[in-house]
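Descriptive structure summary
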Amino acid sequence: MKDKSQVKKGSFLKPFKAIKYLFEKPGTLRYPFEQKEPSLRYRGFHLNDWDKCTGCGNCADICPNKAITMVEVPEIKPKPGEKNERPKIDYGRCCFCGLCVDICPPGSLKLSRDYLHIHFDKNTFSLLAKDEKTDKEHFLPAEEYSVLKASLAHRRKDNEGFVSDLNYSLFEPKRVPMPQVPPEERKLSFIEQVIGYSREEAKREASRCLECKLCEDACPAHLKISDYIKAIYEDKPDESLRKIFEDNPIPAICGRICMKHCEKVCSLGLRGEPVAIRWLKRYASDMIKDYKEALELAPAKTTGKKVAVIGAGPGGLSVAYFLRLKGHEVTVFDSLPGGGGMMRIGPPPYRLPVESIDKDVNYIASLGVKFKFNTTVGKDVSFEDIYKNYDAIYLGIGTTVSRSTRVKNSDKAYPALLFLRENKIGKGVKVGKEVIVIGGGNVAMDVARESLRLQHIQYPGEKVITKTVSLEDWDIMPATEEEIEEAKEEGIEFNPGWGPKEIKVENGKVKGLLCVKVKSVFDEQGRFNPTFYEDKQMFLEGDMVIEAIGQALDFSFIPQDMFKKLEFTPRRKVKVDDNGKTSLPKVFAGGDIVNLNLDAVTAIADAKRAAEGIDSYLKGKSKEPS
Amino acid sequence: MGATGQVLRATGVNYDIRKAEPYAAYDKIEFDVPTREDGDAYSRIWVIRDEMIQSVHIIMQCFEKMPEGEVYNKIPNPFKWKIPEGKTYVRVESSRGELGLYLVSNGEDKPYRVHFRTPSYPHGLTILEKLLKNASIADVGNIMISLYVTAPEIDR
Ligand code: SF4
Ligand code: SF4
């Protein structure tokens, strides 16, 4: 009996013992009203900062489950070097490994700490990741957020989890440093500053490329950059050179002085240093001693058509090369004693040695292109003669006359192009001990650095100085940062933000330059229209002034009656159609006279277009009975 | 029957991949391979018990012999790091026995096929089937536990 009552008593009271748990912290989560707080680097659903994403597609390539597809987003207007594609992630496949985050070059892709996905529509499991910056409606502040709302349409704000860290990224943000001659040594002579990659270094640098091809879109001539870099990585420089020659026949030149439109957009450059595309091109061309063997290119069956190319600059050379491969007979006229055009007189030898130019030019000549050097069109041979004797003409002329500042006594100043030209192919220039270079562009840097070297050669051991004066302040100086940096290293003095007012002359000798402080360089419309503080003046002493403020075109070789028919764009450039054809019959043009971009690779791009145009023009003509 | 690891060593076979084909730094480290003769659950448990001592021993040696330097090294660019064409089988001694990886590549950056050979598969299916024959119900639990079978590892 006793036993029985005890049992009864226990079973009667026991349920009430449970009441105490009401006041205790529960061991379970009251889902869905409570949620577990994931760890700080939790890998949940993706976030993608659309402003930063470049659409490179690396995330889609790396995904081991093929969960990411790139979809075009029409509302995005891509900037140059970007695509309007964004990654779409299929959560049926995603394993949340985070490789896509680690490979994303701009670091736009992240994984959030959201792990709940509730939705009636199964299609939403494949989602186009956005972030709270580009898609404000769908991101709720943390306090408004509840699991009941948790779906793709409602995500928590500021809930980043796994984000990219450059130390652990799957790409290498640092470039293999390029060996260079130190500034103290290089300023004393004209030896080439950049030594060039060794085989090991080139391979290591080439291995950084992600093959996303953003750079190829940005290159005016659309070189197959990722292919030729890959060939270098695989240790096949000849294969690499073949890829380059498909679009660019002057790699030794371009590999040294190209303006690197590609490196500006290279994915890796967004957070690290871009792939050294230019140096790799240079490496490919340097590795191959004889282009002919490596390339095995031969002109097509001759067509019997004759094309004249005026100007043996990058554009002229390229047009000659492309047309020669198509089987036309090409003759190139140039007033200089060798090929290269502006490349021959412009870049000083420490940047571009003459041997490199000749290497490219000789190869093009070996294909059967005829070169007529030392031949100035309009003087040694008339434009009318060429016009009569050839089936098509390509104008690949460069800017050959220097602009002047037109300040008082500016006739005492040395024009930059004359200076460069005299040094390269003339008798050389006797420089002063204190040289003032007016200008802030790349030509000004070339002139200043060349002048410094000449000073060291002509006055060994003496105190010499080269100064530059530019209207533009540091932030808007048109020269590339690299050039400015190197010039500074060599000891060139900069005076940015000053405008020239007057060249002081005493007894016919230059004494210095009077400068005024610049108020602004551009007007409200962004046009070049400098204004000055007339009361703030500065006097720079110097015994030589060189003007490097820009160059202009010289059309005087074209006869007046033809020149009148040549149409120009509002910005004083020759107007051409999609085939590079001008308004004059059978005359095509490209390069500096067509483009606002005055650089070699743009000229090559024009040349490629014009070569196609000339080719189809000549083929079309041969069909007509003439 | 595919028995490896403790299951094999508990039957008196002195076989350990770390000794047979030393990988990683195992050739620089001293350790014994414990064995038992009887091949029953009791010996398997003892082998595991002895291995624990060896493991501690190995870890202590590693601490002593570990070289100085960077802990994390950047891996090469995954897009350039192509797997050479062909197939391969590599194996390590895992805590349960031989863990092998069979990989077929067609020369791209991602493998064409991957298969893991896991010890739980032979232990959990073929061997267990043999051992359970005529065993008393009370022993089933011990036999299964001592084989160290993990269900998710059975098929990969
Ligand atoms: S890797 Fe990054 S930048 Fe490239 S597409 Fe993917 S999210 Fe955009
Ligand atoms: S060089 Fe840069 S932009 Fe070009 S494919 Fe390689 S990683 Fe992409």
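Anything mentioned here points back to the structure above.
Another point: the sheet that holds strand β4 (residues 109-112) of chain A. Residue and element names in this part refer to chain A. Reading across from one edge, β1-β4-β8 is the order of the 3 strands in this open sheet, with antiparallel pairing throughout. What marks the edges here is a single partner per strand, and that holds for β1 (46-48) and β8 (160-162). Averaged over neighbouring strand pairs, the angle between their axes works out to 55 degrees when direction is ignored.

For the rest of this paragraph, the subject is the site of ligand 2. Around ligand 2 sit Cys209, Leu210, Glu211, Cys212, Lys213, Cys215, Ser226, Cys266, Ser267, Val275 and Ile277 of chain A, and those are all the residues in its vicinity. Class assignment of the residues belonging to the shell around ligand 2 gives a composition of 7 nonpolar, 2 polar and 2 charged.

Let's shift gears to the environment of Ala218 of chain A. Residue and element names in this part refer to chain A. Structurally, Ala218 can be placed in helix α6 (residues 214-218). A C-alpha to C-alpha distance of 7.1 Å links Ala218 and Val265, two positions 47 residues apart in sequence. Contact partners of Ala218, with chain neighbours within four places excluded, come to His261 and Val265.

Let's shift gears to the site of ligand 1. In the neighbourhood of ligand 1, 15 residues make up the surrounding shell, with Cys53, Cys56, Gly57, Cys59 and Cys104 of chain A lying closest. For the shell around ligand 1, the class distribution of residues is 9 nonpolar, 6 polar and no charged.

This next bit is on the nonpolar core. Residue and element names in this part refer to chain A. If you look at the biggest cluster of nonpolar residues, it comprises 76 residues, and the most contacted ones within it are Tyr197, Ile225 and Ile229. If one sorts the elements of this core by residue count, helix α21 (residues 600-623) sits on top with 9 residues. A domain split of this core shows at least three residues from each of domain 2 (183-295) and domain 3 (306-400 + 553-623). For Ile225, the residues in contact, after removing those within four places along its chain, are Cys215, Glu216, Cys219, Cys262 and Ile277. Counting residues in each nonpolar core, the second largest holds 25 residues, with Ala416, Leu417, Ala444 and Met477 among its members.

Here we come to a nonpolar patch on the surface. Among the surface-exposed residues, Phe12, Leu13, Phe16, Ile19, Leu22 and Phe23 of chain A lie close enough to one another that they form a single nonpolar patch of about 740 Å² accessible area. Counting through the fold element by element, Leu13 of chain A comes out in helix α1 (residues 2-17).

Another point: the pattern of salt bridges. All names here are of chain A. Counted by the stated rule, this structure contains 50 salt bridges over all chains. Here Arg175 and Glu263 are joined by a salt bridge, their closest N and O atoms 2.9 Å apart. A residue pair is termed long-range when its members are at least 10 positions apart, and Arg175 in the loop between β8 and α4 (183-186) and Glu263 in helix α10 (residues 261-265) qualify at 88 residues. Across the salt bridge formed by Asp606 and Arg609, the nearest N and O atoms sit 3.7 Å from each other. Within this pair, Asp606 and its partner Arg609 are both found in helix α21, separated by 3 residues, close to a single helical turn. On the basis of relative accessibility, which here comes to 7%, the residue Asp606 falls in the buried class. Taking the relative accessible area as the measure of exposure, Arg609 reaches 31% and is therefore partly exposed. One continuous salt-bridge network, built from bridges that share partners, spans Arg186, Arg351, Asp446, Arg449, Arg453, Glu483, Glu486, Glu489 and Glu490.

What counts and what doesn't
Residues numbered from 1 in each chain as written. Chains lettered and ligands numbered in written order. Predicted model: local features only at pLDDT ≥ 70, side-chain atom pairs only at ≥ 80, totals over all residues. Heavy atoms only, no water. Pairing = 2+ DSSP bridges. Helix = DSSP H or I, 4+ residues; strand = E, 2+ residues; numbered from the N terminus. Axes fitted to C-alpha atoms, helices over the stretch in contact; angles between N-to-C directions. Near = heavy atom within 4 Å. Nonpolar A, V, L, I, M, F, W, Y, C, P; charged D, E, K, R; others polar. Contact = heavy atoms within 4.5 Å. Core = buried A, V, L, I, M, F, W, Y, C linked by side-chain atoms within 4.5 Å. Buried < 20%, exposed > 50% of the residue type's maximum accessible area, 1.4 Å probe, protein only. Domains from an automatic or database assignment. Patch = residues over 30% accessible without salt bridge, like charges linked within 9 Å, V, L, I, M, F, W, Y side chains within 5 Å. Areas by Shrake-Rupley, 256 points an atom, 1.4 Å probe, with all protein chains shown as cover. Salt bridge = Lys/Arg side-chain N within 4 Å of Asp/Glu carboxyl O.

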